[in-house]
Amino acid sequence: MSGKTVVKNENGLVSRLLPAVCPLCRINAAPDAIPFCDSCLNLLQTLITEKCPRCGRAACACTCARPENSRALFFYGSGVSRRIIYYLKDGADKRAAAFLAELLLVSAGITVKRADAVTFVPRSKKRVRKSGYDQARMIAAEAARILGLPLVAALRRRGKGEQKLLGRKQRLEHALKQYETDPEVPEALRGKRYLLFDDVTTTGATVSACAKLLRESGIAQAVTVLTLSVTDLKTADGGTK
Ligand SMILES: [Zn+2]
Ligand SMILES: [Zn+2]
């Protein structure tokens, strides 16, 4: 997304005239420094403070039905949560990714002292070819830049196939077959504390499998999972991730 409409005047000087439209509502203007409009930001603020129906905590503190060391920025469900996730899936907006990555790091209390390196759950090659980029990688890259930590493509996708019809335990086994670690991760980036990023998690099977692979390969000494969104418990049973 361009910040503002760019025009050249008769002297060839570039000036920016019209404010950017908020990509979430496509109605209001978004300010220069922030990618979304005030109204969408208010919705996002409400979303971030929404409480889990089981433990009464916000998404950044709730660990119900997910791996222990896992934090999310918001619960997936309401209109604005879907708009954010779909928007990031559809277009590589680095500014929005950086804004959301920073909010996630702050909400989850992650500082550079708590990690050594950053990685992500990779999309399938087919999906990356289709959209031209990988949104989990983009969020991870922005988080790595903010923290000043290395971004490491430590995981690779290998299998394909849906896991919709599987039970909880089978989902983890299936997810373990879908990913593998990259044997070429350099020695200097092994045995470190990793932050593992994804955009959405539903049952936690994918992130659990990826964290397990990172630990068992010796690449990670510890893994903290960070996702933008997590489905709440009411919808978790029908999930595919
Ligand atoms: Zn808006
Ligand atoms: Zn909870």
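Everything below is about the structure shown above.
Residues numbered from 1 in each chain as written. Chains lettered and ligands numbered in written order. Predicted model: local features only at pLDDT ≥ 70, side-chain atom pairs only at ≥ 80, totals over all residues. Heavy atoms only, no water.

Caption draft 1: Main features of the overall build of the protein. A tally of helices and strands in the protein yields eight helices and eight strands. Looking at the protein residue by residue over its 241 residues, the buried ones come to 46%. Intrachain contacts of the protein at a sequence separation of at least 6 include 67% that bridge at least 24 residues. Split by element, the accessible area of the protein, about 12,400 Å² in all, is 52% carbon and sulfur. (Helix = DSSP H or I, 4+ residues; strand = E, 2+ residues; numbered from the N terminus. Buried < 20%, exposed > 50% of the residue type's maximum accessible area, 1.4 Å probe, protein only. Contact = heavy atoms within 4.5 Å. Areas by Shrake-Rupley, 256 points an atom, 1.4 Å probe, with all protein chains shown as cover.)

Caption draft 2: Region of the structure containing the environment of serine 81. You can see serine 81 is positioned in helix 2 (residues 79-90). Assessed through its relative accessible area of 0%, serine 81 is described here as buried. Note: C-alpha distance between serine 81 and leucine 24 (57 residues apart in sequence) is 9.8 Å. With near-sequence residues (within four places) excluded, serine 81 lies in contact with Leu47, Phe74, Phe75 and Tyr76. A polar contact is formed between the side chain of serine 81 and the backbone nitrogen of glycine 77, at a distance of 2.8 Å. (Polar contact = N/O pair within 3.5 Å; in protein donor to acceptor, adjacent residues only side chain to side chain.)

Caption draft 3: Region of interest: the coordination of the zinc ion (ligand 1). The protein atoms donating to the zinc ion (ligand 1) are Cys22 (SG), Cys25 (SG), Cys37 (SG) and Cys40 (SG), with metal-donor distances spanning 2.3 Å. Each of the four donor atoms bound to the zinc ion (ligand 1) contributes to angles spanning 106 to 113°, and the resulting shape is tetrahedral. For the zinc ion (ligand 1), the donor residues sit on a single chain with the sequence spacing C-x2-C-x11-C-x2-C. Of this pair, cysteine 22 sits in the loop between strand 2 (14-19) and helix 1 (38-49) while cysteine 37 sits in the loop between strand 2 and helix 1; the two residues are 15 residues apart in sequence, bridging distant segments of the chain. (Donors = N, O, S within 2.8 Å, 3.2 Å for Na, K, Ca; no water. Tetrahedral: all angles 85-135°; square planar, octahedral: opposite > 155°, others 65-115°.)

Caption draft 4: Spatial organisation of the coordination of the zinc ion (ligand 2). Those donors, Cys52 (SG), Cys55 (SG), Cys62 (SG) and Cys64 (SG), are the protein atoms that reach the zinc ion (ligand 2), and they lie 2.3 to 2.4 Å from it. Relative to the metal, the four donor atoms surrounding the zinc ion (ligand 2) lie at angles of 106 to 116°, and the coordination shape comes out tetrahedral. Motif for the zinc ion (ligand 2), donor spacing along one chain: C-x2-C-x6-C-x1-C. Taken as a pair, cysteine 52 in the loop between helix 1 and strand 3 (70-76) and cysteine 62 in the loop between helix 1 and strand 3 lie far apart in primary sequence, 10 residues in all. The residues cysteine 52 and cysteine 62 share a single accessibility class, namely buried.

Caption draft 5: Helix 7 (residues 205-216), seen in detail. Under the 1.5 Å per step criterion, the end-to-end length of helix 7 is 16 Å for 12 residues, consistent within 8% with the ideal 16 Å. The set of residues buried in helix 7 consists of Ala205, Thr206, Val207, Ala209, Cys210, Ala211, Leu213 and Leu214. Contact partners of the buried residues in helix 7: strand 4 (117-120), strand 5 (155-157), helix 6 (168-178), strand 6 (179-181), strand 7 (192-201) and strand 8 (220-231). Two residues or fewer past helix 7, glycine 218 is found with a positive phi of approximately 85°. (Expected span 1.5 Å × (residues − 1).)

Caption draft 6: Broad picture of the pattern of salt bridges. The final tally for this structure, using the stated rule, is 10 salt bridges. A salt bridge links arginine 193 to aspartate 116; its shortest N-O distance comes to 2.9 Å. Of this pair, arginine 193 sits in strand 7 while aspartate 116 sits in the loop between helix 3 (94-107) and strand 4; the two residues are 77 residues apart in sequence, bridging distant segments of the chain. Of the charged contacts, one joins arginine 145 and glutamate 142 as a salt bridge, the two residues approaching to 2.8 Å between their closest N and O atoms. Highlighted residues: arginine 145 and glutamate 142, both in helix 5 (residues 135-147), separated by three residues, approximately one helical turn. (Salt bridge = Lys/Arg side-chain N within 4 Å of Asp/Glu carboxyl O.)

Caption draft 7: Quick look at the pairing of strand 4. Here strand 4 shows a buried face lined by Ala117 and Thr119 and a second buried face lined by Val118 and Phe120. The pairing of strand 4 with strand 7 spans four bridges and is classified as parallel. When the sheet's bridge partners are listed, phenylalanine 120 is paired in strand 7 with phenylalanine 197. (Pairing = 2+ DSSP bridges.)

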